[in-house]
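As a plain string of letters, each chain reads:
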Amino acid sequence: MSIYYSNSANRRADLIEQARQAFIERFGPEPAAVGVAPGRVELLGNHTDYNEGFVLTAAIDRGIAIAGSTREVPTARVASLERNDTATFDPQKPQRDPQALWSDYVKGIVDQLAKAGATVGGFDAMIASDIPTGAGVSSSAALLVSTAQLLLNLHPHPIAGDPMGLAKLARRAENEFVGAPVGLLDQFSSVFGRQGNALFLDCRTLEWRAVTLPTSEARILIADSRVKHALAAGGGYSERRAQCEAAAVWFADKEPTKNIRTLRDVTPEMLEAYAAELDPVLEKRARHIVYENKRVEMGAEALETGNVAAFGELMSHTHESCMRFFENSCDEVDTLTEIAVKHEGVYGAKLSGGGWGGCSVVIHRPEVTESLCAALTEGYQARFGREPSLLPTEAAQGAESFRFGI
Ligand code: GLA
């Protein structure tokens, strides 16, 4: 059974040390600084972010550390310990790799920092990661945000003191340079994460608040199907985004006085009133988003009033809505979710992230983690002939950077 138990307190320190040592082995001297950033788990609010809706998210205790130093030569050398690979490029003119490589995320940050007025010269960097890629826990945001943390430590700029500005800059790197039309959920979570807390974000006003997770009653398990997804332009993600936009335009036309900009502005009453007239596919997509926004608001309130059971139920409704209306799940993630919700001591489970693979997030009582992992492994193995990857995790602190030797 592949279960990776977290040893949370030391996990981040170990990761930083791994990056530091690998940097020395690869480049020689001690690195000057390190940026570290976590991945995230989407607790509620699936595909609501780019519809200017609400999300409930948490940073997790897994992420990326990138250790680095400036160099005299105006070239950047960025190595990945995990991939045993080095990318070399000119930081004044970062070019996207035709094969869409991991290094595009680093280059995208360099590009956006330059656009924000920072001067990024030559540097060496080493990446260490303890976050699975393609598992729906946003290794990409961890790489973007940790790189920004490192480079801002090496090249100070006022944006370092503006966390929301930093999250937005990282999102632009992903949208404009990498070419993935994602919302702000992942980068926000990675920057703002708080130990033991979920984060509620209004993706229109960018107002947010921390919501305590009752860790004595509820734990987070990430059940990764090991089906890889990709969010780059051209896939189901962009298609869903376009359908949501088309549905919003349709409603705006129907209700010209209501100032509808996005599906955020469509109420359940409007949806029900017009459901029969709208194109059936757009109706399903809109139904998912409109009610998902309600679920996020209700879910935050449930946690705030200590009602974990109600929160879990909302998660399971979200999963059903993904299956029936947004159609962004897959057999593997459905199977994990179904096994989980049948298990004793489980409050609820749902697909986390873009979809078409990745993971199910399961909220459960602390004492059932082990039996739940056994049931998931057994059931998944019986159905698909291979094991899922199981990560018990906890809500962790957001990104930070340090200088070595001070
Ligand atoms: C991916 C994207 C996010 C968000 C989720 C779905 O993780 O990066 O912006 O849209 O999918 O909620």
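Residues numbered from 1 in each chain as written. Predicted model: local features only at pLDDT ≥ 70, side-chain atom pairs only at ≥ 80, totals over all residues. Heavy atoms only, no water.

## Regarding the packing of aromatic side chains
Threshold: Any Phe, Tyr or Trp ring, taking Trp's six-membered ring, that has another such ring centre within 6.5 Å forms a pair; planes under 30 degrees apart are called stacked, those over 60 apart edge-to-face, and the others tilted. Secondary structure elements follow DSSP: runs of H or I no shorter than four residues count as helices, runs of E no shorter than two count as strands, and numbering proceeds from the N terminus. The classification of residues rests on relative accessible area computed with a 1.4 Å probe and restricted to protein chains. Under 20% of the type maximum is buried, over 50% is exposed, and intermediate values are partly exposed. Only when the NZ atom of a Lys or the CZ atom of an Arg is both within 6 Å of the ring centre and within 35 degrees of the ring normal do we say a charge sits over the ring.
What the rule picks out here adds up to eleven aromatic pairs. Ring centres of Phe 192 and Trp 208 lie 5.1 Å apart, and the angle between their planes is 65°; on these two criteria the pair is classed as edge-to-face. One end of the pair, Phe 192, is in helix H5 (residues 185-192); the other, Trp 208, is in strand S7 (residues 208-212), and 16 residues separate them in sequence. When its relative accessible area of 11% is taken as the criterion, Phe 192 is described as buried. Trp 208 sits in the partly exposed class, given a relative accessible area of 31%. Both rings, one in Trp 250 and one in Tyr 274, keep their centres 5.9 Å apart while their planes meet at 85°; by these two values the pair is edge-to-face. Taken together, the residues span a long stretch of sequence, with Trp 250 in helix H6 (residues 236-254) and Tyr 274 in helix H7 (residues 268-274) at a distance of 24 residues. Classification of Trp 250 by relative accessible area gives partly exposed; the value is 22%. Relative accessible area serves as the criterion here: at 15%, Tyr 274 is assigned to the buried category. Ring-pair connections join several aromatic residues into one group, and the members of that group are Phe 188, Phe 192 and Trp 208. Lying over the aromatic face of Phe 200, Arg 209 brings its terminal NZ or CZ to 4.5 Å of the ring centre.

## Structural notes on the site of the ligand
Threshold: Each residue is tested against the molecule or strand, and it is near if at least one of its non-hydrogen atoms lies within 4 Å. Whenever two N or O atoms come within 3.5 Å, that pair is a polar contact, provided that in protein one can donate a hydrogen and the other can accept it, and provided that, for residues adjacent in sequence, both atoms are side-chain atoms. Under the convention used here, a 1.4 Å probe and the Shrake-Rupley method define accessible areas, while residue burial counts only the protein chains that appear. Lys, Arg, Asp and Glu make up the charged group, whereas Ala, Val, Leu, Ile, Met, Phe, Trp, Tyr, Cys and Pro make up the nonpolar group; the residues left over, Gly among them, are polar. Source of the domain bounds: an automatic or database domain assignment.
Taken together, 15 residues form the shell around the ligand, and within it Glu 42, His 47, Asp 49, Asp 186 and Tyr 237 come nearest. One of the side-chain N or O atoms of Glu 42 is found 2.6 Å from an oxygen atom in the ligand. Within the contact set of the ligand, an oxygen atom lies 2.6 Å away from a side-chain nitrogen or oxygen of Tyr 237. Burial of the ligand by the protein chains amounts to 99% of its free accessible area of 310 Å². Listing elements by their share of the shell around the ligand, those giving two or more residues are strand S1 (33-44) and H5. Residue classes in the shell around the ligand are distributed as five nonpolar, six polar and four charged. Both of domain 1 (2-212 + 395-403) and domain 2 (219-393) provide at least three residues apiece to the shell around the ligand.

## Remarks on the environment of Val 182
Considering the arrangement of structural elements, one finds Val 182 in the loop between helix H4 (163-178) and H5. Separated by 21 residues in sequence, Val 182 and Gly 161 place their C-alpha atoms 24 Å apart.

## Re the sheet that holds strand S8 (residues 219-224)
Put simply, the rule reads: Note on pairing: DSSP must find at least two bridges between two strands before they are called paired. Only the contacting stretch of a helix is used when fitting its axis, a line to C-alpha atoms as for every element, and angles between N-to-C directions run 0 to 180 degrees. Note on contacts: a residue pair is in contact if any heavy atoms of the two residues lie within 4.5 Å.
One open sheet holds the four strands; their spatial order is S9-S10-S8-S11, and the pairing between them is antiparallel. Both outer strands of the open sheet, strand S9 (346-352) and strand S11 (389-393), are each paired with one neighbouring strand and no more. Here the strands of the sheet are splayed against their neighbours by 20° on average, with no regard to which way each runs. Taken together, the five bridges between S8 and S11 define a ladder with antiparallel strand orientation. Opposite Leu 221, over in S11, you have Pro 392 as the bridge partner. Along the sheet, helix H10 (residues 331-342) contacts S8, S9 and strand S10 (359-364); its crossing angle with S9, the most-contacted strand, is approximately 170°.

## Some thoughts on the pattern of salt bridges
The test is simple: One speaks of a salt bridge when a side-chain nitrogen belonging to Lys or Arg is within 4 Å of a carboxyl oxygen belonging to Asp or Glu.
Taken as a whole, this structure holds 30 salt bridges when the rule is applied. A salt bridge links Arg 287 to Glu 272; the nearest nitrogen and oxygen atoms lie 3.0 Å apart. With Arg 287 in helix H8 (residues 280-304) and Glu 272 in helix H7, this pair connects stretches of sequence that are 15 residues apart. Owing to a relative accessible area of 39%, Glu 272 belongs among the partly exposed residues under this scheme. Two residues, Glu 327 and Lys 284, come together in a salt bridge whose shortest N-O distance is 3.2 Å. Of the two residues, Glu 327 is situated in the loop between helix H9 (308-326) and H10 and Lys 284 in helix H8; the sequence distance between them amounts to 43 residues. In this structure Lys 284 comes out as partly exposed when scored by relative accessible area, which is 24%. Via salt bridges that share partners, Glu 52, Arg 204, Arg 261 and Asp 265 belong to a single interconnected network.

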